[in-house]
Amino acid sequence: MSFDAKVINSKVFKEVKIFEPSVGRDSRGTIFTTYDHKIYDKYIPENLSFVHDKFSESKQNVLRGLHGDAKSWKLVSCIHGEIFQVIVDMRPDSPTYLQWESWIVNDVNKHQILIPQGFLNGYYVMSEKVVYHYKYAYAGEYLDVKDQMVVKWDDERINIKWPCQNPILSGRDK
């Protein structure tokens, strides 16, 4: 099966792309490709390539984020379950500074969101359980927790319309 994906432009941010992979379905289930460098490399800076993957598992009502850094590009997806995915522009010189956009991402639509450097990433778990995938592109060493930007999930400057009032948060996200 060759990789075929529809590339959708963000309604808010010109750098953000949504990938909708083609899915083969039959009586056994589904098969789809999540990454082909010939497709994705067109959308990140020439000096970068995807070098690092992470997965997280979360239960319903968990909110992870808002986190980001000035160095990493992220390709995120929901492998199992359903999330309310949010990104926020934290580039002070950007005309879209502090603006946000959201999507419903799940294991049915299989959407992937390409998040540029300088953006925050966060998601809220809507289903009973979620498996979330992060694919990172960056130069040099990985910026871990201590080097990331963190903004409170309900920061009034941003005013995200989350589908929850009292999510389960980590100490860092409170």
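Right above here is the structure, for reference.
Moving on to the packing of aromatic side chains. Across all of its chains, the model carries 12 aromatic pairs by this definition. Their ring planes at 85° and their centres at 5.0 Å tell us that Phe13 and Phe119 sit as a pair that is edge-to-face. Here Phe13, found in the loop between strand S1 (5-9) and strand S2 (17-21), pairs with Phe119, found in strand S11 (residues 119-125); they are 106 residues apart in sequence, far enough to count as distant. Each member of the pair, Phe13 as well as Phe119, carries the same accessibility label: buried. Taken together, the aromatic side chains of Tyr123, Tyr132, Tyr134, Tyr136, Tyr138 and Tyr142 make up a single cluster linked through ring pairs.

Here Gln85 shows up in strand S8 (residues 82-89). Gln85 gets classed as buried once you look at its relative accessible area, which sits at 1%. Beyond its immediate sequence surroundings of up to four residues, Gln85 is in contact with Val76, Glu101, Ser102, Trp103, Val105, Ile113, Ile115, Asn121, Gly122, Tyr123 and Tyr132. Within the local environment of Gln85, its side chain forms a polar contact with the side chain of Asn121, the two groups lying 2.5 Å apart.

With that settled, consider the side chain of Asn106. Mapping Asn106 onto the fold places it in strand S9 (residues 100-106). Residue Asn106 is classed as buried on the basis of its relative accessible area of 10%. A polar atom in the side chain of Asn106 sits 2.8 Å from the side chain of Glu82. Non-local contacts of Asn106, meaning those with residues more than four positions away in its chain, are made with Cys78, Gly81, Glu82 and His111.

The strand order across the open sheet built from 5 strands is S9-S8-S11-S6-S13, with neighbouring strands paired in antiparallel fashion. The strands lining the two open edges of the sheet, one partner per strand, are S9 and strand S13 (149-150). As paired elements, strand S6 (residues 63-68) and S11 share 4 bridges and run antiparallel to each other. Looking at the pairing, His67 lines up with Asn121 of S11.

With that settled, the discussion passes to the sheet that holds strand S12 (residues 129-137). Read from one edge of the open sheet, 6 strands run S1-S2-S10-S7-S12-S5, paired in antiparallel fashion. With one partner strand each, in any of the chains shown, S1 and strand S5 (50-59) form the two edges of the open sheet. In this sheet, adjacent strand axes meet at a mean angle of 20° when their direction is disregarded. Alignment of S5 against S12, held across 9 bridges, turns out to be antiparallel. For Glu57, the partnering residue across the bridge sits in S12 and is Val131.

Before going further, it helps to spend a moment on the pairing of S8. Counting buried residues along S8, 7 of its 8 residues qualify, which places the element largely inside the surrounding structure. In this sheet, S11 lies alongside S8 in antiparallel orientation, the contact comprising 7 bridges. Looking at S11, one finds that Val88 is bridged to Leu120.

The next subject is the pattern of salt bridges. If you walk through the whole model with that rule in mind, you get 8 salt bridges. Residue Asp154 pairs with Lys152 through a salt bridge whose shortest N-O separation is 3.7 Å. Overall, the relative accessible area of 43% leaves Lys152 in the partly exposed class.

Now for the environment of Val7. Here Val7 is to be found in strand S1. The partly exposed category is assigned to Val7, whose relative accessible area is 30%. Measuring from C-alpha to C-alpha, the distance between Val7 and Glu20 comes to 6.4 Å, with 13 residues separating the pair along the chain. If near-sequence neighbours (up to four positions away) are discounted, Val7 is found in contact with Lys17, Ile18, Phe19 and Tyr43.

Rules used in this analysis
Residues numbered from 1 in each chain as written. Predicted model: local features only at pLDDT ≥ 70, side-chain atom pairs only at ≥ 80, totals over all residues. Heavy atoms only, no water. Phe/Tyr/Trp six-rings, centres within 6.5 Å; stacked < 30°, edge-to-face > 60°. Helix = DSSP H or I, 4+ residues; strand = E, 2+ residues; numbered from the N terminus. Buried < 20%, exposed > 50% of the residue type's maximum accessible area, 1.4 Å probe, protein only. Contact = heavy atoms within 4.5 Å. Polar contact = N/O pair within 3.5 Å; in protein donor to acceptor, adjacent residues only side chain to side chain. Pairing = 2+ DSSP bridges. Axes fitted to C-alpha atoms, helices over the stretch in contact; angles between N-to-C directions. Salt bridge = Lys/Arg side-chain N within 4 Å of Asp/Glu carboxyl O.

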